[in-house]
Amino acid sequence: MPQFKTLDDIDVSGKRVVIRLDLNVPVADGAVTDTTRIDRIVPGLRELADNNATVAILAHFGRPKGDVRPEMSLAPIAPALEKALGRPVRFVATDWRDDAAAAAVNAAGPGDVLLMENTRFHPGEEANAADLAAKFAALGDIYINDAFSAAHRAHASTEGIAHLLPSAAGRTMAAELEALEAALGTPKRPLAAVVGGAKISTKLELLGNLSKIADTLIIGGGMANTFLAAQGIDVGKSLCEHDLLETAAGILKEASAGNCRIVLPVDVTVAREFAANADSRTCDAGDVASDEMILDVGPRAITEAKAVFDEAATVVWNGPFGAFEIPPFDVGTVEAARHAAGLSRAGKLITVAGGGDTVAALNHAGAADDFTYVSTAGGAFLEWLEGKPLPGVEVLRG
Ligand code: ADP
Ligand code: MG
């Protein structure tokens, strides 16, 4: 796979740098409520300013769909960014039809940091329009993309602009690409993949791609029910996509033909209702009663997953093993995650995970910090697992 340039390949001193960031952070009553994303990108931003670059930040916020929507302004983000950075951040109001952004950059000097208004206030952003990309490119001499989470979209600020300026991956983008490339591109084997979560319909391409790459594929969560049903097992009232039984059977067949071992839960935790601390019991996957639903994997399944991790050199993980939001159906996810985390901490296992609920589940298990890499990129991470080229990454290669 061709390499991509990073900040190490570019001298930014005295240059005007346009950087694309992910500032789509939670905001309530005009204040940022969770600074995780900001804290991740700030060191790379500080490096640019410390090296005397004039920094123009491009970012989107929400889905204004090409209109100027004041409630989706990036203005409230500037104070949070300023605080994390320890430097002034000047917010630049623009509707991207006027020339306010260029005027602000022209008036700025080395070390100045400017936050431009929501790029999606102009319809050209999501349309990847050439004129808007040119307008973005005119703000700098160099383009840095540090928003991996937006890289699966070919937008003017993520893709179009990179054709017009010397471009490189920012620090967090480079770290994310390195971790994902190490896990899936040239993984240390054996490679085990864990795919869980609610439904297989949302993860068909992901299952297809991972079963081609991984040596072992552990299937958990609600989607395992569909695979069990495809093998003729009665899953009672469990979440199950009965219209996808043939698809599930096809995935199992292809995987075994391609030498990927598929591990389905041998036992399960079931309940009659989907509620916290509902009466539950453990049984073999084949012994679910017609009025019961599977809400987690059982203890033997957990032991089997741990044994796969013990043998593996790399684990890629998306999707919880059970309905982890509701105790006690978090046990499978928590125990397996803690085991993987322990192996990682001991230097025996590379662990890469991502997905909105997966990140929440790993945090709940107290396992996230010991994982080698936890991606917060959401859709971009999933498309990477699906084996799709990400336009915002491809354009940085070469
Ligand atoms: P991610 O966001 O990490 O990609 P998903 O959105 O695919 O993960 O799946 C997470 C959801 O799957 C959680 O809300 C969890 O409660 C649900 N889930 C997992 N196992 C089951 C199950 N056996 N029955 C019903 N829901 C389940
Ligand atoms: Mg989810």
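Before reading further, recall that the structure is shown in the block above.
On a predicted model such as this, the values are computed, not experimentally measured, just so you know. (Residues numbered from 1 in each chain as written. Chains lettered and ligands numbered in written order. Predicted model: local features only at pLDDT ≥ 70, side-chain atom pairs only at ≥ 80, totals over all residues. Heavy atoms only, no water.)

Glancing now at the overall build of the protein chain. Broken down by element type, the protein chain carries 14 helices and 17 strands. Taken against the 2.2 N^0.38 rule, which gives 21 Å for 398 residues, the C-alpha radius of gyration of the protein chain at 23 Å falls within 12% of a compact globule. Seen along its three principal axes, the alpha-carbon backbone of the protein chain occupies a region of about 70 × 45 × 40 Å. In the protein chain, which comprises 398 residues, the share counted as buried stands at 56%. Contacts spanning at least 24 positions in sequence make up 73% of the contacts within the protein chain whose residues lie at least 6 apart. Of the roughly 16100 Å² of accessible surface on the protein chain, a fraction of 51% belongs to carbon and sulfur atoms. (Helix = DSSP H or I, 4+ residues; strand = E, 2+ residues; numbered from the N terminus. Rg over C-alpha atoms; globule rule 2.2 N^0.38 Å. Buried < 20%, exposed > 50% of the residue type's maximum accessible area, 1.4 Å probe, protein only. Contact = heavy atoms within 4.5 Å. Areas by Shrake-Rupley, 256 points an atom, 1.4 Å probe, with all protein chains shown as cover.)

It is worth spelling out the pairing of strand β10 (residues 216–219) at this point. Within a regular strand, side chains alternate between the sheet's two faces. Neither face of β10 is exposed, since Thr 216 and Ile 218 on one face and Leu 217 and Ile 219 on the opposite face are all buried. For the crossover from strand β9 (residues 191–195) across helix α7 (residues 204–213) to β10, the handedness is right-handed. (Right-handed = clockwise from strand over helix to strand, strands pointing away.)

Around ligand 1, the structure places 17 residues, and the nearest of them are Lys 203, Ile 294, Glu 325, Asp 357 and Thr 358. Note that an oxygen atom of ligand 1 is positioned 3.1 Å from one of the backbone N or O atoms of Ala 198. Here ligand 1 loses 84% of its free accessible area of 580 Å² to cover by the protein chains. According to the grid-proximity analysis, the pocket containing ligand 1 is the largest pocket. Elements that contribute at least two residues to the shell around ligand 1 include exactly α8 (221–230), β14 (293–297) and α12 (356–365). Among the elements that make up the shell around ligand 1, the one with the highest residue count is α12 (three residues). Of the residues belonging to the shell around ligand 1, the class tally is six nonpolar, eight polar and three charged. (Near = heavy atom within 4 Å. Polar contact = N/O pair within 3.5 Å; in protein donor to acceptor, adjacent residues only side chain to side chain. 1 Å grid on protein atoms, 1.4 Å probe; cavity = no way out; pocket = protein on both sides within 12 Å on 5 of 7 lines; lining within 4 Å. Sits in = over half its atoms within 2 Å of the grid points. Nonpolar A, V, L, I, M, F, W, Y, C, P; charged D, E, K, R; others polar.)

Before going further, it helps to examine the sheet that holds strand β6 (residues 113–116). The parallel open sheet is built from six strands, whose spatial order is β5-β6-β4-β1-β7-β8. This sheet does not close on itself; its edge strands, each paired only once, are β5 (89–92) and β8 (167–169). In this sheet, adjacent strand axes meet at a mean angle of 25 degrees when their direction is disregarded. Pairing geometry for strand β7 (residues 142–145) and β8, over three bridges, is parallel. For Tyr 143, the partnering residue across the bridge sits in β8 and is Ser 167. The strands touched by helix α1 (residues 36–50) within the sheet are β1 (16–20), β4 (54–58) and β6, with β4 carrying the most contacts at an inclination of about 150 degrees. (Pairing = 2+ DSSP bridges. Axes fitted to C-alpha atoms, helices over the stretch in contact; angles between N-to-C directions.)

Right, let's talk about the nonpolar core for a bit. Ranked by internal contacts, the top residues of the largest apolar core, which has 108 residues, are Leu 23, Ile 57, Met 116 and Phe 148. With seven residues, helix α6 (residues 171–185) is the largest single contributor of residues to this core. Each residue touching Phe 148, except ones within four places of it in the same chain, is listed here: Met 173, Glu 176, Leu 177, Leu 180, Ala 377, Ala 380, Phe 381, Trp 384, Leu 390 and Val 393. Ranked by size, the runner-up nonpolar core spans 29 residues in total, among them Ile 302, Leu 343, Ala 353 and Ala 365. (Core = buried A, V, L, I, M, F, W, Y, C linked by side-chain atoms within 4.5 Å.)

Moving on: α1. Within an α-helix, residues lying three or four positions from one another point in the same direction, as the helix has 3.6 residues per turn. Taking 1.5 Å per residue as the helical rise, α1 with its 15 residues ought to reach 21 Å, and the 22 Å between its terminal C-alpha atoms agrees with that figure. Within α1, burial applies to Ile 38, Ile 41, Val 42, Gly 44, Leu 45, Leu 48 and Ala 49. Packed against the buried residues of α1 are β1, β3 (31–32), β4, α2 (77–85), β6 and α6. Backbone geometry just after α1 places Asn 52 at a positive phi near 65 degrees. (Expected span 1.5 Å × (residues − 1).)

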